[in-house]
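Here is how the chains run, residue by residue.
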Amino acid sequence: AGSQITVGQLLVTGDGCEKDDVEAYAWFKISAEENADAVKELLDLRKKISAEQISQAMQRVKELKPIIQTNVDKFYQNKLSETDPDVVKTVKRAL
């Protein structure tokens, strides 16, 4: 969630990328599920953008979430492959 809030902050300021409030809102929304700081960023940005932009951002959230989850899953699968086989068996049983 920390990297997601950072992406949102970069998009709000346009630091190193094109400024995009809709995309920033989407990243803050995703991050806000686990990060209180992102909630503040989300509420601040909400005051500055239109209802239409919020609607567009919510559509973007629907597109981003599966992509993020797939990458998280791949990361953990790769980490498991580097782990002790007994730990892998335990984790797989828990899933």
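Note that the structure is a prediction, hence the values are computed from the model and not measured.

Asker: Teacher, can you tell me more about helix 3 (residues 36-46) here?
Answerer: Since the α-helix turns once every 3.6 residues, residues separated by three or four places project in the same direction. Taken residue by residue, helix 3 has Ala38, Leu42 and Leu45 as its buried positions. Down the axis of helix 3, the sector holding all buried residues measures 70°, keeping them to one side. The exposed residues of helix 3 that point more than 90 degrees off its buried face are Ala36, Asp37 and Lys40. Elements that come into contact with the buried residues of helix 3 comprise helix 1 (2-13) and helix 2 (21-32). Backbone nitrogen of Asp37 and a side-chain oxygen of the N-cap are separated by 2.8 Å at the start of helix 3; the cap is Asn35.

Asker: Got a minute to help me understand the environment of Thr13 in this structure?
Answerer: The topology assignment puts Thr13 in helix 1. Along the primary structure Thr13 and Ala24 are separated by eleven residues, whereas in three dimensions their C-alpha atoms are 9.4 Å apart. Polar contacts involving the side chain of Thr13 include one to the main-chain carbonyl oxygen of Leu10, which spans 3.3 Å.

Asker: Just to check I follow, could you spell out the pattern of salt bridges for this structure?
Answerer: When charged atoms on two side chains of opposite charge get close, those side chains can pair. Considering all chains together, one arrives at five salt bridges under this definition. One salt bridge connects Lys19 with Asp21, and the closest N-O pair in it is separated by 3.0 Å. Note that Glu23 and Arg60 form a salt bridge whose closest N and O atoms lie 2.9 Å from each other. Linking Glu23 in helix 2 with Arg60 in helix 4 (residues 51-81), this pair joins segments that are 37 residues apart in sequence. What you see here is one network of salt bridges that share partners, running through Glu23, Arg60 and Glu63.

Cut-offs applied
Residues numbered from 1 in each chain as written. Predicted model: local features only at pLDDT ≥ 70, side-chain atom pairs only at ≥ 80, totals over all residues. Heavy atoms only, no water. Buried < 20%, exposed > 50% of the residue type's maximum accessible area, 1.4 Å probe, protein only. Helix = DSSP H or I, 4+ residues; strand = E, 2+ residues; numbered from the N terminus. Arc of directions from axis to C-beta. Contact = heavy atoms within 4.5 Å. Polar contact = N/O pair within 3.5 Å; in protein donor to acceptor, adjacent residues only side chain to side chain. Salt bridge = Lys/Arg side-chain N within 4 Å of Asp/Glu carboxyl O.

This is a description of form; function is not addressed.
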